Amino acid sequence: MIPVYFYGRVVDEPNGKKKWVDTQTVYAMPYDNPIPGYNNNVVNTLRLWSAKSPIDFNLKFFNDGDYIQAVLDRNLAENISRVLYPNDNFFEGKELRLKQEYFMCAATLQDIIRRYKSSKFGSRAAVRTSFDSFPEKVAIQLNDTHPSLAIPELMRILVDIEGLSWEKAWDITVRTCAYTNHTVLPEALERWPVSMLESILPRHLQIIYHINFLHLQAVEKRYPGDMERLRRMSLVEEEGEKRINMAHLSIVGSHAVNGVAWIHSEILKSDIFKLFYEMNPEKFQNKTNGITPRRWLLLCNPNLADLISQKIGDEWPVHLDQLVALKKWAKDPNFQRDVAQVKQENKLKLAQLLEKEYGVKINPASMFDIQVKRIHEYKRQLLNCLHIITLYNRIKRDPTAAFVPRTIMIGGKAAPGYYIAKKIIQLICAVANVVNNDPIVGDKLKVIFLENYRVTLAEKIMPAADLSEQISTAGTEASGTGNMKFMLNGALTIGTLDGANVEMAEEMGNENIFIFGMTVDEVEALKKRGYNAYDYYNSNPDIKQCVDQIQGGFFSPSNPHEFKDLADVLLKYDRYYLFADYEDYIKKQDIVSKTYKNQSKWLEMAIHNIASSGKFSSDRTIYDYATEIWGCEPTWEKLPAPHEPRD
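Residues numbered from 1 in each chain as written. Predicted model: local features only at pLDDT ≥ 70, side-chain atom pairs only at ≥ 80, totals over all residues. Heavy atoms only, no water.

Looking at an unreviewed UniProt entry, one finds the protein chain named Alpha-1,4 glucan phosphorylase, with Lutzomyia longipalpis as its source organism. You can read under Catalytic activity (unreviewed entry) in the UniProt record for the protein chain the words "[(1->4)-alpha-D-glucosyl](n) + phosphate = [(1->4)-alpha-D-glucosyl](n-1) + alpha-D-glucose 1-phosphate". Here the protein chain is described in UniProt, under the heading Cofactor (unreviewed entry), as follows: "pyridoxal 5'-phosphate". (UniProt positions renumbered as here; feature names shortened; annotations may be inferred.)

The structure is reproduced here in structure tokens:
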């Protein structure tokens, strides 16, 4: 077990060094999870940490008040790894969360340094360890800002414990650390109050202040007299309560900074971290996300995997770019028929599951239109809901009109504290209740909210999907990976030019994806000139009807005001411009329906989607991180099995 320290104070030693004293200790107990490689005889280990209290009990004090307090203190220490903060894309400056982040960083870094010291690179004849090779042998990837305390912690270990000079320690730290940003939403960026850091991690706050002092010196030297730039690039935010901007710390303390899709990385450079990019453009990179083809095709869609292997061989699970060879069969009627049969079998399986789970009989010949992801306003499940209501109103207006049947499924979880997200789930369920029980609608339209969305359910959903909804406001989704899973399984995408959709469209061609809505630049222009939802509400009768039904109690007759808050979001507080994209979205959905009627065309597009998925393998992503950030080349040779002789 490894000791991790909190609280205490910092004292100056006679030799000029700083010492962190009077701390409270929590122990980190390591747990290793084996992670098997695919068909290569390699098993890596994922090391996780559990918090353990240093307090032992003496049973002779069982009835003593001290025993009660000891139990309480023990629980307090072990709570660090007992509870996960569920809110995503929203920063909560809670003390327990800060402790969790530091606990994981401190335990992992001590472990890394212990392993390095025991290696031939760390040990030498002299008493003191040589850290010269540390950045070549260790790569620390900061996965968003949650582990950003690794930067001051590594500095603390190298300077205070290992006795390196600040300059040497800083060089090692920057060359070892790299930072991946995962969100552009301002409310998600971590900004820890100085007062909290001062109490819980006083030495780290001192180190951060010194990092900031030297950083601002460099900014001043490069841009003399530019006080506004100094203020905006500081790690310390002075407005209101003093806070440390952890994204700024991560950029300054890393040798590489990347987004997770091309458009996301461009937004980081042109907007979110523009001043840092101007100062150090060489740090900024892009690493588009990927998914593993082993789980998301080979395992979850074996019949499609077999079909692909019959055409192009069986090396594609580790060389996904080989799927491009399928393009020559995109128009082949026999291959289209085989792909259609696999899709239909997957749809029948999902339909049976949903009838059993939800009691809703689904038309397996209908288009399976699916949006599964976390429930968040920027992902715009509400826009999908407006489309459902619009379709329902059309059927009610003219029940005999031609209509392409749809089963619309929406799934995902809302963070427990996210009120609007929970109301969105409630509205989807209320709309489903009305639509599914209306005899005039029949099996033309069915709506299902997929409960408890998780990987095991996703493995059944992705192979059965016809249409994938990726409809976030342009400039808000960093990448997305659900979009890639649907694409790999032959679903067509309706989406905005956001996240990885941009690169998906490039790979498959715009003719094989349904793109709608504003671009990032158009969203910015709308923001600047001002967005008034009432302009759309008053000029578009379909929008007006939908909103009036939501706020008038049509979907909640027992409580007419149930969804007033959602109507207020749409009309007064909408940061994601749903109405601005509504008309184009509905038009594109009509084109989707028209295309679906032409099954030969639809299947040709679906095959193009599968064949264009090669770029979105996690193998490619990790290869790019390894070669372009960590500075290591992969070993392609397969290791011998345990029973085989080794060279």
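There is more to say after this.
Trainee: Hey, could you go over the overall build of the protein chain for me, with residue numbers and the actual values?
Mentor: Within the protein chain, the secondary structure is distributed over 26 helices and 18 strands. The C-alpha radius of gyration computed for the protein chain amounts to 28 Å, which stays within 12% of the reference 26 Å derived for 647 residues, consistent with globular compactness. With the principal axes as the frame, the protein chain shows a C-alpha extent of 90 × 65 × 65 Å. Here the protein chain, with 647 residues, has 52% of them falling under the buried criterion. Of the contacts formed within the protein chain by residues at least 6 apart in sequence, a portion of 71% connects residues at least 24 apart. Here the protein chain displays about 29700 Å² of accessible surface, and carbon together with sulfur accounts for 53% of that area. One finds the centroid of the 79 positive side-chain charges in the protein chain at a distance of 2 Å from the centroid of its 82 negative side-chain charges. (Helix = DSSP H or I, 4+ residues; strand = E, 2+ residues; numbered from the N terminus. Rg over C-alpha atoms; globule rule 2.2 N^0.38 Å. Buried < 20%, exposed > 50% of the residue type's maximum accessible area, 1.4 Å probe, protein only. Contact = heavy atoms within 4.5 Å. Areas by Shrake-Rupley, 256 points an atom, 1.4 Å probe, with all protein chains shown as cover. Lys, Arg positive; Asp, Glu negative; His and termini not counted. Charge placed at Lys NZ, Arg CZ, Asp CG, Glu CD.)

Trainee: How would you explain the pattern of salt bridges if you had to name every residue and give the values?
Mentor: A complete count under the given rule lists 47 salt bridges for this structure. Its salt-bridge partner being glutamate 187, residue arginine 575 comes within 3.1 Å of it at the nearest N-O pair. With a gap of 388 residues between them, arginine 575 in the loop between helix H23 (564-572) and helix H24 (578-597) and glutamate 187 in the loop between strand E7 (177-180) and strand E8 (191-193) connect regions that are remote in the sequence. On the basis of relative accessible area, arginine 575 is assigned to the partly exposed category, the value being 44%. A network of salt bridges, in which partner residues are shared, links Asp32, Arg47, Asp111, Arg114 and Arg115. (Salt bridge = Lys/Arg side-chain N within 4 Å of Asp/Glu carboxyl O.)

Trainee: How would you summarise helix H5 (residues 166-176) if you had to cite specific residues and measurements?
Mentor: Listed as buried for H5 are Trp166, Ala169, Ile172, Thr173, Val174 and Thr176. For H5, the elements touching its buried residues are helix H3 (134-137), strand E6 (140-143), helix H4 (150-161), E7, helix H7 (202-222) and helix H9 (246-252).

Trainee: Which residues make up the pairing of strand E3 (residues 18-21), and what are the values?
Mentor: By the bridge criterion, 4 bridges tie strand E2 (residues 9-12) to E3 in an arrangement that is antiparallel. In the strand pairing of E3, aspartate 12 is matched with lysine 18. Where E2 folds back on E3, the antiparallel hairpin that results is connected by 5 residues, among which glycine 16 adopts a positive phi of roughly 90°. (Pairing = 2+ DSSP bridges.)

Trainee: Describe the sheet that holds strand E17 (residues 492-495), and please don't skip the residues or the numbers.
Mentor: Taken in spatial order, the 6 strands make up an open sheet running E15-E14-E13-E16-E17-E18, and their pairing is parallel. Two strands close off the open sheet at either side, each with one partner strand: strand E15 (445-450) and strand E18 (514-515). Here strand E13 (residues 367-372) runs beside strand E14 (residues 406-411); their pairing, made up of 6 bridges, is parallel. Paired with isoleucine 370 across the two strands is methionine 409, which belongs to E14. Sitting on the sheet, helix H14 (residues 333-358) is in contact with E13, E14 and E15, with an inclination near 70° to E15. The strands touched by helix H15 (residues 381-397) are E13, E14, E15 and strand E16 (467-470); relative to E14, the strand with the most contacts, the crossing angle is about 155°. (Axes fitted to C-alpha atoms, helices over the stretch in contact; angles between N-to-C directions.)

Trainee: Which residues make up the UniProt feature "modified residue: N6-(pyridoxal phosphate)lysine" (unreviewed entry) in the protein chain, and what are the values?
Mentor: When the UniProt feature table is mapped to this numbering, "modified residue: N6-(pyridoxal phosphate)lysine" (unreviewed entry) covers Lys485. Structurally, the position occupied by lysine 485 is in helix H18 (residues 482-488). According to the relative accessible area criterion, lysine 485 is buried, its value standing at 15%. The contacts of lysine 485, once residues within four sequence positions are left out, are Ile291, Trp296 and Met462.

Trainee: Let's hear about the domain arrangement of the protein chain: which residues, and what values?
Mentor: Per the domain assignment, the segments of the protein chain are domain 1 (83-286) and domain 2 (293-628). Placing a centre on the C-alpha atoms of domain 1 and another on those of domain 2 gives a separation of 37 Å. Contacts between domain 1 and domain 2 engage 19 residues on the former and 21 residues on the latter. In this assembly, domain 1 packs against domain 2 so that about 1500 Å² is buried in total across both faces, 56% of it on carbon and sulfur atoms. Put simply, domain 1 and domain 2 have 1 salt bridge between them. At the level of secondary structure, the elements contributing two or more residues to the side of domain 1 that touches domain 2 comprise helix H10 (262-272) and strand E12 (284-286). A total of 4 residues in the side of domain 1 that touches domain 2 trace back to one element, the largest contributor, which is H10. Its residues assigned to classes, the side of domain 1 that touches domain 2 shows 8 nonpolar, 9 polar and 2 charged. (Domains from an automatic or database assignment. Buried area = accessible area lost by both parts, 1.4 Å probe. Nonpolar A, V, L, I, M, F, W, Y, C, P; charged D, E, K, R; others polar.)

Trainee: Give me the lowdown on the environment of serine 265, citing residues and values where you can.
Mentor: Looking at the element boundaries, serine 265 is found in helix H10. The spatial distance from the C-alpha of serine 265 to the C-alpha of leucine 382 is 27 Å, given a sequence separation of 117 residues. Among all residues touching serine 265, those that are not within four sequence positions of it are Asn258, Gly259, Val260, Gln285 and Asn286. At a separation of 3.2 Å, a polar atom in the side chain of serine 265 contacts the main-chain amide nitrogen of glycine 259. (Polar contact = N/O pair within 3.5 Å; in protein donor to acceptor, adjacent residues only side chain to side chain.)

Trainee: Outline the packing of aromatic side chains, listing residues and values.
Mentor: For any pair of aromatic rings, the description consists of the separation of the ring centres together with the inter-plane angle of the planes. Considering all chains together, one arrives at 18 aromatic pairs under this definition. The interplanar angle of 40° and the centroid separation of 4.9 Å between the aromatic rings of phenylalanine 516 and tyrosine 585 together place this pair among those described as tilted. You can see phenylalanine 516 sitting in the loop between E18 and helix H20 (520-529) and its partner tyrosine 585 sitting in helix H24, a full 69 residues away along the chain. Overall, tyrosine 585 belongs to the buried group, its relative accessible area being 0%. With a centroid separation of 6.0 Å and 85° between ring planes, the pair formed by tyrosine 534 and tyrosine 537 is classed as edge-to-face. Of the two residues, tyrosine 534 and tyrosine 537 are both situated in helix H21 (residues 533-539); the distance of 3 residues between them amounts to about one turn of the helix. Every member of this aromatic cluster is reached through a ring pair, and the members are Tyr116, Phe131 and Phe134. Geometry around tyrosine 223 places arginine 229 over its ring, the cationic atom sitting 3.9 Å from the centre. (Phe/Tyr/Trp six-rings, centres within 6.5 Å; stacked < 30°, edge-to-face > 60°. Lys NZ or Arg CZ within 6 Å of the ring centre and 35° of its normal.)

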